[in-house]
There are 2 protein chains.
Amino acid sequence: MTGETERREAAEHLALTLVGAGMQRMGARALAAFLFAEKDTLTAGDLADELGVSAGSVSGAVKMVAQMGLIERIHVAGSRREHFRMRANAWTTLYSRQHSVVDDVLRAVEKGVDAVGPGRAHDRLEYMRDFYTFLLNEAPMLVERFERQRRGGPRS
Amino acid sequence: MTGETERREAAEHLALTLVGAGMQRMGARALAAFLFAEKDTLTAGDLADELGVSAGSVSGAVKMVAQMGLIERIHVAGSRREHFRMRANAWTTLYSRQHSVVDDVLRAVEKGVDAVGPGRAHDRLEYMRDFYTFLLNEAPMLVERFERQRRGGPRS
DNA sequence: CCCTGTCTTCAGAAATTTCTGAACGTTCGC
DNA sequence: GCGAACGTTCAGAAATTTCTGAAGACAGGG
């Protein structure tokens with residue numbers, strides 16, 4: 001149940017799904033490559049081989065994914081190659097990141113609340129503001145709860 | 001503090017932010033138009049005027065936003081025009097919808113867990129699966145909590 | 001029934017995003 | 001230092017998304 005082909009298909013499928021969730025295509029493919037790799041670290045060359053793309057594309061993808069905090073650069077002394085490793089907290093980071101987008105929306109909404117006088121629009125905007133404020137408060141607690149729960153009782 | 005220009009600017013800015021959050025441009029602009037409108041319902045013509053775009057664009061945008069469950073069609077008897085109204089629970093709906101994307105990701109991950117044998121990749125995939133499973137379970141509770149809290153004590 | 005106003009669809013234009021390949025830097029081994 | 005291996009950047013090509021305008025469908029009034 002571990003044909004190389006099947007593994008790659010699963011990786012590509014996950015990458016495509018992440019694209020559907022809003023990630024850039026190449027970044028998603030790179031991330032999936034890390035996720036599905038048996039090795040702990042990959043070089044840019046490994047990625048180019050695995051994904052079948054140019055060095056330039058790999059460079060761009062890695063830059064983005066690293067900037068998102070999902071992978072980290074590992075400088076190996078005495079090697080010209082630069083290694084990358086997926087960070088342990090990549091998924092919670094990704095989730096938090098989505099909530100920085102929520103924060104942007106919230107700011108825009110607050111601007112809207114200030115811009116309109118009393119009326120229906122004002123009420124709608126306040127409701128939206130309250131919901132997004134709520135989300136923004138709760139999200140970190142969610143993540144924390146997951147981590148505690150996982151440490152505490154990783155049964156099943 | 002309610003110049004018409006200022007109102008439109010705020011609406012456009014919010015629309016742009018929603019685009020940054022992954023929404024289609026025209027859909028976001030339409031949604032913002034509803035949010036900022038003083039009227040309770042808008043017709044396609046109203047939207048075309050407000051946004052300065054063609055009827056075709058409005059049709060496409062409205063179709064998408066309606067399909068997302070954010071607005072609803074109101075058929076007015078004895079009128080050729082079709083009215084639309086923003087649904088009260090639009091924001092919680094939008095949030096839940098984002099979590100259907102999470103569900104897609106989860107499925108893809110599970111496929112991955114099945115596709116790889118024991119090893120690092122398998123461990124990583126399991127971790128990811130657990131986190132997304134957790135999120136998917138918690139999200140509905142979050143929304144429910146917000147709604148209860150708002151009903152219960154809408155102070156401040 | 002036809003006419004008119006309204007909405008939808010769709011082919012193609014325009015804009016935007018994404019990828020590549022080649023030129024340029026950088027760093028290590030010698 | 002020099003040469004070779006890697007990595008990065010960037011202009012342009014390719015692919016994708018988005019918008020428009022025109023043609024057609026549909027409903028109601030006359």
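Residues numbered from 1 in each chain as written. Chains lettered and ligands numbered in written order. Predicted model: local features only at pLDDT ≥ 70, side-chain atom pairs only at ≥ 80, totals over all residues. Heavy atoms only, no water.

1. Concerning the protein's contact with DNA strand D
What counts, and what does not: One heavy atom within 4 Å of a molecule or strand is enough for the residue carrying it to be called near that molecule or strand. In the analysis that follows, any N or O atom pair within 3.5 Å is treated as a polar contact, provided that within protein one partner can donate a hydrogen and the other can accept it, and provided that, for residues neighboring in sequence, both atoms belong to side chains. Secondary structure elements are defined from DSSP: runs of H or I of at least 4 residues count as helices, runs of E of at least 2 residues count as strands, and each element is numbered from the N terminus. In the scheme used here, Gly and all other residues not listed as nonpolar or charged are polar, with Ala, Val, Leu, Ile, Met, Phe, Trp, Tyr, Cys and Pro taken as nonpolar and Asp, Glu, Lys and Arg as charged.
Contacts to DNA strand D come from 17 residues, most closely from R73(A), R80(A), R81(A), Q24(B) and S57(B). Put simply, 77% of the atoms of DNA strand D that lie within 4 Å of the protein are in sugar or phosphate. Here R73(A) contributes a side-chain N or O atom positioned 2.7 Å from a phosphate oxygen of DNA strand D. At 2.7 Å from a phosphate oxygen of DNA strand D is found a side-chain nitrogen or oxygen belonging to Q24(B). At the level of elements, helix 4 (55-67) of chain A together with helix 2 (25-36) and helix 4 (55-67) of chain B are the ones that each hand at least two residues to the surface near DNA strand D. Here the element with the most residues in the surface near DNA strand D is helix 4 of chain A; it accounts for four residues. For the surface near DNA strand D, the class distribution of residues is four nonpolar, six polar and seven charged.

2. A look at the confidence of the model for chain A
For the record, the criterion: Every residue is assigned a pLDDT by the predictor, reflecting its confidence on a scale from 0 to 100.
Mean pLDDT over chain A: 91, with 96% of residues reaching 70 or higher. Within chain A, the lowest mean pLDDT, 91, falls on strand 2 (residues 71-75) of chain A, and the highest, 96, falls on helix 2 (residues 25-36) of chain A.

3. So, the environment of V102(B)
Residues and elements named next belong to chain B. Basically, it comes down to this: Here, residues are in contact when the closest pair of their heavy atoms is within 4.5 Å.
Assignment of secondary structure puts V102 in helix 5 (residues 90-115). Spatially, the C-alpha atom of V102 lies 32 Å from that of A44, the residues being 58 residues apart in sequence. Ignoring sequence-local partners within four residues, the contact set of V102 consists of Y132 and L136.

4. Quick look at the domain arrangement of chain A
Residues and elements named next belong to chain A. We count it as follows: The split into domains, and so the bounds of each, comes from an automatic or database assignment of domains. Note: buried area is the sum, over both parts, of the accessible area (probe 1.4 Å) each one loses when the two are combined. By definition, a salt bridge exists where a carboxyl oxygen of Asp or Glu is found within 4 Å of a side-chain nitrogen of Lys or Arg.
For chain A, the assigned domains are domain 1 (4-86) and domain 2 (90-152). Contact with domain 2 buries area across many residues of domain 1, yet M68, L70 and M86 alone supply 58% of it, more than any other trio. Taken together, domain 1 and domain 2 are joined by zero salt bridges. Scanning the region where domain 1 abuts domain 2 turns up zero residue pairs in polar contact (both at pLDDT 80 or more). Considered class by class, the residues forming the side of domain 1 that touches domain 2 number six nonpolar, one polar and no charged.

5. Side note on the nonpolar core
Convention followed: Throughout, nonpolar core names a set of buried Ala, Val, Leu, Ile, Met, Phe, Trp, Tyr and Cys residues whose side chains join them through atoms within 4.5 Å. Exposure is judged per residue with a 1.4 Å probe applied to protein chains only, and the accessible area is read against the type maximum: over 50% gives exposed, under 20% gives buried, and values in between give partly exposed.
In this structure, L14(A), W91(A), Y132(A), L14(B), W91(B) and Y132(B) are the most contacted members of the largest nonpolar core, which totals 104 residues. Non-local contacts of Y132(B), meaning those with residues more than four positions away in its chain, are made with W91(A), L94(A), V102(B), V105(B) and L106(B).

6. Things to note about a negative patch on the surface
What counts, and what does not: Like-charged residues within 9 Å of one another, or nonpolar side chains (Val, Leu, Ile, Met, Phe, Trp, Tyr) within 5 Å, are grouped into patches, provided each residue has over 30% relative accessible area and no salt bridge. What sets the accessible areas is the Shrake-Rupley method with a 1.4 Å probe; for residues, cover comes only from the shown protein chains. Lys and Arg are tallied as positive, Asp and Glu as negative. Neither His nor the chain termini are counted. For the purpose of locating charges, the reference atoms are NZ of Lys, CZ of Arg, CG of Asp and CD of Glu.
Where like charges cluster on the molecular surface, the negative patch consists of E6(A), E9(A), E110(B) and D114(B). Breaking the negative patch down by element, the ones donating at least two residues are helix 1 (4-20) of chain A together with helix 5 of chain B. When you line up the elements, E6(A) lands in helix 1. Exposure remark for E6(A): the relative accessible area of 38% places this residue in the partly exposed category.

7. A closer look at the pattern of salt bridges
Enumeration over the complete set of coordinates arrives at 31 salt bridges over all chains. Put simply, R29(A) and E12(A) hold a salt bridge, and the shortest N to O gap is 3.1 Å. Placement of R29(A) in helix 2 and of E12(A) in helix 1 is noted, with a sequence separation of 17 residues between them. Measuring nitrogen to oxygen at the nearest pair gives 3.2 Å for the salt bridge that ties E82(B) to R73(B). On the basis of relative accessible area, R73(B) is assigned to the partly exposed category, the value being 43%.

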